[in-house]
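So you can see what is in the structure, the chains are spelled out below.
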Amino acid sequence: MIAISREVREHLILDFRLDGKKITVINNGIDTKNFGDFSAREKMRKDLGINDAPLVGIIARLSDVKGHIYLIRAMQKVVKNFAPAKLLIIGRGRMKDALIEEAGNLGLKDNVLFIPEARGSEDLLAAMDIFVMPSLQEGLGLALMEAMAQGLAVIGSRVGGIKTLIQDEVNGLLVKPADAEGLTAAIIRLLGDCDLRRNLGVNARKFIVDNFSKEKMVDLTEKFYNSFL
């Protein structure tokens, strides 16, 4: 068996009682050459009606397990410190109406934007200043990997495969799951420190290129199958 992260391997052993000796970890990989270009930033921000506003983003299905609700709550205090700040939520799912209602109840109707799908995620990522993945559980996190490959400063919950990707204070920031206040503090910190954002983004991209490339995933998968021939 192949597990896409150490955390998934542990899940298979603990919850499904599978034999750990028969599980090999091969991390998911992405085509890193598709990311790291910010040439579409200005046009995309103009199309979104954002212009110079600080932009926090997330790409994930609209499910309670992805933690969108805590990110929206975090933005209420973020906006008090950075009035024009916007949150871009990209994805589809059954939580959409509840999330729109929550944003409205918190007075964030004009600060939270919803887009149903991410065709050409690299262009949307280029428009962002910070990417947040506040999941309550996560196998690895493809969207987070893409954001890191883009060179964005990232914030994630200290759960599952997110801990495999984010080294706290090195290539991103980790917060406790379901912690709106922790997300607020991390977002405010990054929006107020452009040097920290840039350094974390540079380290994030290098980490993904070095460890989570499509080429490495393919090579390890081929070796795995060849070992049984």
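A. Main features of the overall build of the protein chain. In terms of regular secondary structure, the protein chain is built from ten helices and eight strands. In terms of C-alpha radius of gyration, the protein chain reaches 18 Å, essentially the compact-globule figure of 17 Å for 229 residues. For the protein chain, the proportion of contacts with a sequence separation of at least 24, taken over those separated by at least 6, is 68%. Accessible area of the protein chain: about 11,500 Å², with a carbon and sulfur share of 50%.

B. View of the side chain of N111. For N111, the position within the fold is in the loop between α4 (96–105) and β5 (112–115). Side-chain polar atoms of N111 contact the backbone oxygen of A85, separated by 2.9 Å.

C. The arrangement of the packing of aromatic side chains in detail. For the structure on display, the rule yields three aromatic pairs. On the numbers, 5.6 Å between centres and 45 degrees between planes, the contact of F207 with F212 is tilted. Its relative accessible area of 14% is what places F207 among the buried residues. Each residue in the set F224, Y225 and F228 is aromatic and connected to the rest through ring pairs, giving one cluster.

D. Region of interest: the sheet that holds strand β7 (residues 153–157). Read from one edge to the other, the open sheet built from six strands follows the order β5-β4-β3-β6-β7-β8, with strand pairing classed as parallel. Sheet topology places β5 and β8 (173–175) at the edges, where each strand pairs with a single neighbour. The average undirected angle you get between the axes of adjacent strands in this sheet is 20 degrees. The sheet contact formed by β7 and β8 spans three bridges and is parallel. Its bridge partner being in β8, I155 is matched across the sheet by L173. The sheet strands contacting helix α8 (residues 180–191) are β3 (55–59), β6 (130–133), β7 and β8, and the helix crosses β8 at an angle near 160 degrees.

E. Helix α1 (residues 6–16), seen in detail. Listed as buried for α1 are E7, V8 and L12. Down the axis, α1 shows its buried residues gathered within 145 degrees of arc, on one side only. Along its buried surface, α1 packs onto β1 (2–3) and α7 (162–165). Count one or two residues on from α1 and you reach R17, which has phi positive near 60 degrees.

F. Just the nonpolar core, in detail. Counting 34 residues, the largest nonpolar core has L125, M128, F131, L144, M148, L165 and I208 as its most contacted members. Sorting the residues of this core by element identifies β3, β4 (86–90), α5 (121–127), β6, α6 (142–150), α7 and α9 (194–211) as the ones contributing at least two each. Sequence-distant contacts of L165, that is, excluding residues within four places in its chain, are made with L140, G141, L144, M145, M148, N171, F207, I208 and F212.

G. Quick look at the packing of α6 against α9. Axis separation between α6 and α9 bottoms out at 6 Å; the angle between their running directions is 115 degrees. For the crossing formed where α6 meets α9, the hand is left-handed. For the pair α6 and α9, contact is made by M145, M148 and A149 and by G201, A204, R205, F207 and I208, respectively. Residue composition of the contact of α6 with α9, grouped by class: six nonpolar, one polar and one charged.

H. Seen up close, the pairing of β5. Pairing between β4 and β5: four bridges, direction parallel. Bridge assignment links I89 to a residue of β5, and that residue is F114. Note on the crossover from β4 through α4 to β5: the handedness is right-handed.

I. Just the pairing of β7, in detail. Burial of β7 is extensive: five of the five residues sit out of reach of the surface. Burial of β7 is two-sided: the residues A153, I155 and S157 facing one way and the residues V154 and G156 facing the other way are all buried. The pairing of β6 with β7 spans four bridges and is parallel. Its bridge partner lying in β7, V132 is registered against I155. Handedness of the crossover joining β6 and β7 through α6: right-handed.

J. Structural context of the packing of helix α3 (residues 68–81) against α8. It is at 8 Å that the axes of α3 and α8 come closest, and there the two elements cross at 45 degrees. In terms of orientation, α3 lies oblique with respect to α8. Like other packed secondary-structure pairs, α3 and α8 cross with a definite hand, here right-handed. Contacts from Y70, L71, R73, A74, M75, K77, V78 and N81 in α3 reach A180, E181, L183, T184, I187, I188 and L191 in α8. Here the contact of α3 with α8 is composed, by residue class, of ten nonpolar, two polar and three charged.

Cut-offs used in this document
- Residues numbered from 1 in each chain as written.
- Predicted model: local features only at pLDDT ≥ 70, side-chain atom pairs only at ≥ 80, totals over all residues.
- Heavy atoms only, no water.
- Helix = DSSP H or I, 4+ residues; strand = E, 2+ residues; numbered from the N terminus.
- Rg over C-alpha atoms; globule rule 2.2 N^0.38 Å.
- Contact = heavy atoms within 4.5 Å.
- Areas by Shrake-Rupley, 256 points an atom, 1.4 Å probe, with all protein chains shown as cover.
- Polar contact = N/O pair within 3.5 Å; in protein donor to acceptor, adjacent residues only side chain to side chain.
- Phe/Tyr/Trp six-rings, centres within 6.5 Å; stacked < 30°, edge-to-face > 60°.
- Buried < 20%, exposed > 50% of the residue type's maximum accessible area, 1.4 Å probe, protein only.
- Pairing = 2+ DSSP bridges.
- Axes fitted to C-alpha atoms, helices over the stretch in contact; angles between N-to-C directions.
- Arc of directions from axis to C-beta.
- Core = buried A, V, L, I, M, F, W, Y, C linked by side-chain atoms within 4.5 Å.
- Left-handed = near helix turned anticlockwise from the far one by under 90°.
- Nonpolar A, V, L, I, M, F, W, Y, C, P; charged D, E, K, R; others polar.
- Right-handed = clockwise from strand over helix to strand, strands pointing away.
- Parallel < 35°, antiparallel > 145°, perpendicular 65-115°, else oblique.

Fair warning: the whole summary comes from geometry, so function is off the table for now.
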